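What follows is the residue order along each chain.
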There are 2 protein chains.
Amino acid sequence: MFSRIDHVGVVVADIASSQRWYEDQLGWTPTDSEYLDSVGVHLCYLRSPDGDDERTVTFLQLVQPVGPGPILDFLNQRGEGLHHVCFAADNLHLALGRMGEDSVRPFVGGRNRLACFLEATPNGVLIELTEVAPSRVG
Amino acid sequence: MFSRIDHVGVVVADIASSQRWYEDQLGWTPTDSEYLDSVGVHLCYLRSPDGDDERTVTFLQLVQPVGPGPILDFLNQRGEGLHHVCFAADNLHLALGRMGEDSVRPFVGGRNRLACFLEATPNGVLIELTEVAPSRVG
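My aim in this report is to walk through the structure given alongside it, one point at a time. (Residues numbered from 1 in each chain as written. Chains lettered and ligands numbered in written order. Predicted model: local features only at pLDDT ≥ 70, side-chain atom pairs only at ≥ 80, totals over all residues. Heavy atoms only, no water.)

1. Description of the overall build of chain A
Which entries qualify depends on this criterion: Here a strand is any run of E in DSSP of at least two residues, a helix any run of H or I of at least four, and the numbering for each starts at the N terminus. The atom set for the radius of gyration is the C-alpha atoms, and the globule formula is 2.2 Å times the number of residues raised to the power 0.38. For every residue, the accessible area obtained with a 1.4 Å probe (protein chains only) is divided by the maximum for its type, and the residue is called buried under 20%, exposed over 50%, and partly exposed between those limits. Residue contacts are defined here by distance: any two heavy atoms, one from each residue, within 4.5 Å place the two residues in contact. To be clear on the numbers: accessible area is Shrake-Rupley with a 1.4 Å probe, and residue cover counts the displayed protein chains and nothing else. His is not counted here, nor are the chain ends, while Lys and Arg score as positive and Asp and Glu score as negative. To locate a charge, take NZ of a lysine, CZ of an arginine, CG of an aspartate or CD of a glutamate.
When its secondary structure is counted, chain A shows 3 helices and 8 strands. Along the chain direction, N to C, the helices and strands of chain A fall in the order β-α-β-β-β-α-β-α-β-β-β. For 138 residues, the compact-globule estimate of 2.2 N^0.38 gives 14 Å, and chain A sits close to it at 15 Å. C-alpha extents for chain A along the principal axes are approximately 40 × 35 × 30 Å. With 138 residues in all, chain A has 56% of them scored as buried. Partitioning the intrachain contacts of chain A with sequence separation of at least 6 by distance along the chain shows that 59% fall at a separation of at least 24. Put simply, chain A shows about 6000 Å² of open surface, and 47% of that area lies on carbon and sulfur atoms. Of the charged side chains in chain A, 10 are positive and 19 negative, and the gap between their average positions amounts to 5 Å.

In structure tokens, the structure reads:
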């Protein structure tokens, strides 16, 4: 149902300086960079030089708050650090139905994909779910 | 140099009850389960039903403390939650040399692989590095 971990989200104070460590030390490359005004964040996705197949790769996602919202709250309360894990499904609505999470309302998230965060946080882990294909809504 | 995210580590109080959520809600399957006595932990790796190629898949790793050590300290101080991200290299010693981390001493970690944790924690993220192939030491 969920074919892979799509990305791991890290809250950072400044994307530009943060992505340098991953570039210099791991050889990872920034790909998409975008602002999600609805959530007040700047996003940047990093991937390995081998990670050229977007349907199979697991990205590292840097998330910088640029306005009020849960990410700014997280940064103020807990500082920079690991924030969430995002699992990918071919069909998000179908997957949510199977999970008994029909009440969750997906939004158009990063890379124009349908996404949602679950209220359940198993073992204190914030879980995002996303649809592999770009959104048919956006 | 680092071809992918090998796994995301989550500290949990009890693996048996924790893995159930991922099985029931995401359809992910426990694979290797092992005790690392040197670190005082019980490990369990979960993967998607599609994740049959160990060289490309990103696992979720559940880590339960079973004795004194940094994982028990983490659980006592911060509770359950995201703990580290592990990146995979074909040759760990070569990769550490390129990073200027020659002083790091890899150990034989989960799944009999060479692994190490970096002292640097960019953006508050604990980074593990591992070698893709099973250890030539162990």
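2. Description of the nonpolar core
Here is a general trend for soluble globular proteins: nonpolar side chains tend to be buried in one another's company. Basically, it comes down to this: We define the nonpolar core as a collection of buried residues of types Ala, Val, Leu, Ile, Met, Phe, Trp, Tyr and Cys that are connected through side-chain atoms lying within 4.5 Å of one another.
Within the largest apolar cluster, 58 residues are counted, with the highest numbers of intra-cluster contacts made by Tyr22(A), Phe87(A), Leu129(A), Tyr22(B), Phe87(B) and Leu129(B). Beyond its immediate chain neighbours, meaning those up to four positions away, Phe87(B) contacts Tyr22(A), Leu26(A), Trp28(A), Phe2(B), Arg4(B), Ile5(B), Asp6(B), Ile127(B), Glu128(B), Leu129(B) and Thr130(B).

3. Considering the sheet that holds strand S5 (residues 81-89) of chain B
The criterion, for reference: Any two strands with at least two DSSP bridges between them are considered paired. Axis lines are fitted to C-alpha atoms, over the contacting stretch for helices. Their N-to-C directions set the angle, which ranges from 0 to 180 degrees.
Pairing is mixed across the open sheet formed by 8 strands, whose spatial order is S2-S3-S4-S1-S5-S8-S7-S6 (chain B). Of all strands in the sheet, those bounded by a partner on one side alone are strand S2 (29-36) and strand S6 (107-108) of chain B. Running at roughly 25° to strand S8 (residues 127-131) of chain B, helix H1 (residues 15-26) of chain A makes contact with strand S1 (2-11), S5 and S8 of chain B of the sheet.

4. Here's the deal with empty space enclosed by the protein
All names here are of chain A. Our working rule: Buriedness for pockets is judged along seven lines, at least five of which must meet protein on both sides within 12 Å for an open set on the 1 Å grid over protein atoms alone, while cavities are sets there where a 1.4 Å probe fits but cannot get out, and lining residues have an atom within 4 Å of a point. Grid points are joined across faces, edges and corners, and a volume is the space filled by probe spheres set on the points. Residues were grouped as follows: Ala, Val, Leu, Ile, Met, Phe, Trp, Tyr, Cys and Pro as nonpolar; Asp, Glu, Lys and Arg as charged; and all remaining residues, including Gly, as polar.
By the definition in use, this model includes 1 cavity of 30 Å³ or more. Of the voids in this model, the largest cavity is the one considered here, and its volume is about 40 Å³. In terms of lining, the largest cavity is formed by His7, Tyr45, Gln61, Gly109, Gly110, Arg111, Arg113, Ala115, Glu128 and Thr130. Of the residues in the lining of the largest cavity, the class split is 2 nonpolar, 5 polar and 3 charged.

5. Quick look at the layout of surface pockets
Taken as a whole, the largest pocket spans an internal volume of roughly 470 Å³. What lines the largest pocket is a set of 21 residues, among which Arg78(A), Leu82(A), Phe74(B), Arg78(B) and Leu82(B) lie closest to the centre. Looking at the lining of the largest pocket, the elements with two or more residues in it are helix H2 (70-78) and strand S5 (81-89) of chain A together with helix H2 (70-78) and S5 of chain B.

6. Topic: helix H1 (residues 15-26) of chain B
Residues and elements named next belong to chain B. Quick reminder of the rule: Multiplying 1.5 Å by the helix residue count minus one yields the expected span of that helix. Arc definition: directions from the helix axis to the C-beta atoms.
With 12 residues, H1 ought to run about 16 Å at 1.5 Å a step, and its terminal C-alpha atoms sit 16 Å apart, in line with that. When H1 is considered as a whole, its buried residues turn out to be Ile15, Ser18, Gln19, Trp21, Tyr22, Gln25 and Leu26. Considered in projection along H1, the buried side chains sweep an arc of 145° and stay on one side of the axis.

7. Considerations on the packing of aromatic side chains
All names here are of chain B. Just so we agree on the cut-off: Stacked, tilted and edge-to-face pairs are distinguished by plane angle, under 30 degrees for stacked and over 60 for edge-to-face with tilted covering the rest, among Phe, Tyr and Trp rings (Trp via its six-membered ring) whose centres lie within 6.5 Å.
For the coordinates displayed, the defined rule picks out 8 aromatic pairs over all chains. Here the aromatic rings of Tyr45 and Phe59 are separated by 5.9 Å at their centres, their planes lie at 80°, and the arrangement is edge-to-face. One end of the pair, Tyr45, is in strand S3 (residues 41-47); the other, Phe59, is in strand S4 (residues 59-65), with 14 residues separating them in the sequence. Assessed through its relative accessible area of 1%, Tyr45 is described here as buried.

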